[in-house]
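Observations on the model geometry
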Amino acid sequence: KAGVTQTPRYLIKTRGQQVTLSCSPISGHRSVSWYQQTPGQGLQFLFEYFSETQRNKGNFPGRFSGRQFSNSRSEMNVSTLELGDSALYLCASSLADRAGANVLTFGAGSRLTVL
Amino acid sequence: AQKVTQAQTEISVVEKEDVTLDCVYETRDTTYYLFWYKQPPSGELVFLIRRNSFDEQNEISGRYSWNFQKSTSSFNFTITASQVVDSAVYFCALSGYSGTYKYIFGTGTRLKVLA
């Protein structure tokens, strides 16, 4: 069965622009989580969605937002991009509603470069 | 507060050597889960193992073994007879229940296995 699909895989933006990243979870998985990975900070939790509702949120500014659709696909948006937003953005899905206790299946990530 | 510490930033070993990756965690939750994930150069994190706080039995899976000790709050990972394909970044993660579950990842240990 298909894994977690993230698009686009690579993108380059300039400061001040906005970006939307997409994540299609494994079929049947209702929980989708987003993480930001940078060399200095490691994996930082952004937010988690379950059944179209944001259930958990990390410590990121309001420029970072997300949503989940009825088919469990999720998008995250970053507005007014800053150089420090350059990172690998990882999406992960899980089967059951207790996402934190369950195994996460990750996508390959979207690598964002902000110039 | 929850915290995961992977003090080893990078480890280099020669093929066939054994190597242990350390993970120390902090949590006040009585119910929690510990995980190890592997991130190869392709970027996609791959699940290796999950342990719950009530199961301190060590586990062996092929060349991989895990040692969980609640007394020292550690969940160490050993690779026996390492191979070049083991080269990757390894993340330890903790998820405890505080209303909802949320994953906390360590900063990762980069393992380089030299031929």
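Residues numbered from 1 in each chain as written. Chains lettered and ligands numbered in written order. Predicted model: local features only at pLDDT ≥ 70, side-chain atom pairs only at ≥ 80, totals over all residues. Heavy atoms only, no water.

1. Points about the interface of chain B and chain A
- Contact with chain B, which involves 17 residues of that partner, is made by 21 residues of chain A.
- Note on chain B versus chain A: buried area summed over both sides is about 1700 Å², and carbon and sulfur give 57% of it.
- Linking chain B with chain A are 0 salt bridges.
- If you look at where chain B meets chain A, you find 3 residue pairs in polar contact (both at pLDDT 80 or more).
- For the side of chain B that touches chain A, the elements supplying multiple residues, two or more each, are strand 5 (32-39), strand 6 (46-52), strand 10 (88-98) and strand 11 (100-105) of chain B.
- Split by residue class, the side of chain B that touches chain A holds 9 nonpolar, 5 polar and 3 charged. (Contact = heavy atoms within 4.5 Å. Buried area = accessible area lost by both parts, 1.4 Å probe. Salt bridge = Lys/Arg side-chain N within 4 Å of Asp/Glu carboxyl O. Polar contact = N/O pair within 3.5 Å; in protein donor to acceptor, adjacent residues only side chain to side chain. Helix = DSSP H or I, 4+ residues; strand = E, 2+ residues; numbered from the N terminus. Nonpolar A, V, L, I, M, F, W, Y, C, P; charged D, E, K, R; others polar.)

2. Focus: the nonpolar core
- Membership of the largest hydrophobic core comes to 24 residues, with the highest contact counts inside it found for Trp36(B), Trp66(B), Phe77(B), Tyr90(B) and Leu111(B).
- Broken down by secondary-structure element, the contributors of at least two residues to this core are strand 2 (10-14), strand 3 (19-21), strand 5, strand 6, strand 8 (64-69), strand 9 (74-79), strand 10 and strand 12 (109-114) of chain B.
- Per-element accounting of this core gives the leading share, 4 residues, to strand 10 of chain B.
- When neighbours within four sequence positions are excluded, Phe77(B) is seen to be in contact with Val19(B), Thr20(B), Leu21(B), Trp36(B), Leu48(B), Tyr64(B), Ser65(B), Trp66(B) and Tyr90(B).
- Tyr49(A), Phe64(A), Ala87(A) and Leu112(A) belong to the second largest nonpolar core, which has 21 residues in total. (Core = buried A, V, L, I, M, F, W, Y, C linked by side-chain atoms within 4.5 Å. Buried < 20%, exposed > 50% of the residue type's maximum accessible area, 1.4 Å probe, protein only.)

3. Notes on the packing of aromatic side chains
- Taken as a whole and judged by the stated rule, the model has 22 aromatic pairs over all chains.
- Centroid distance Phe106(A) to Phe105(B): 6.2 Å. Interplanar angle 75°. Geometry classified as edge-to-face. Of this pair, Phe106(A) sits in strand 10 (residues 105-106) while Phe105(B) sits in strand 11, on two different chains.
- Clustering of aromatic rings is evident, with ring pairs tying together Tyr35(A), Phe45(A), Phe106(A), Phe35(B), Tyr37(B), Phe47(B), Phe91(B), Tyr103(B) and Phe105(B).
- A cation over an aromatic ring shows up here: Arg55(A) above the ring of Phe50(A), its NZ or CZ 4.6 Å from the ring centre. (Phe/Tyr/Trp six-rings, centres within 6.5 Å; stacked < 30°, edge-to-face > 60°. Lys NZ or Arg CZ within 6 Å of the ring centre and 35° of its normal.)

4. A closer look at the sheet that holds strand 3 (residues 19-24) of chain A
All names here are of chain A.
- Spatial strand order, 1-3-8-7: 4 strands in an open sheet with antiparallel pairing. Each having just a single partner strand, strand 1 (5-7) and strand 7 (64-68) make up the two edges of the open sheet. Averaged over all pairs of adjacent strands, the angle between their axes in this sheet comes to 15°, without regard to strand direction.
- Inspection of the sheet shows strand 1 paired to strand 3 by 3 bridges, in the antiparallel sense. Paired with Thr 7 across the bridge in strand 3 is Ser 22. (Pairing = 2+ DSSP bridges. Axes fitted to C-alpha atoms, helices over the stretch in contact; angles between N-to-C directions.)

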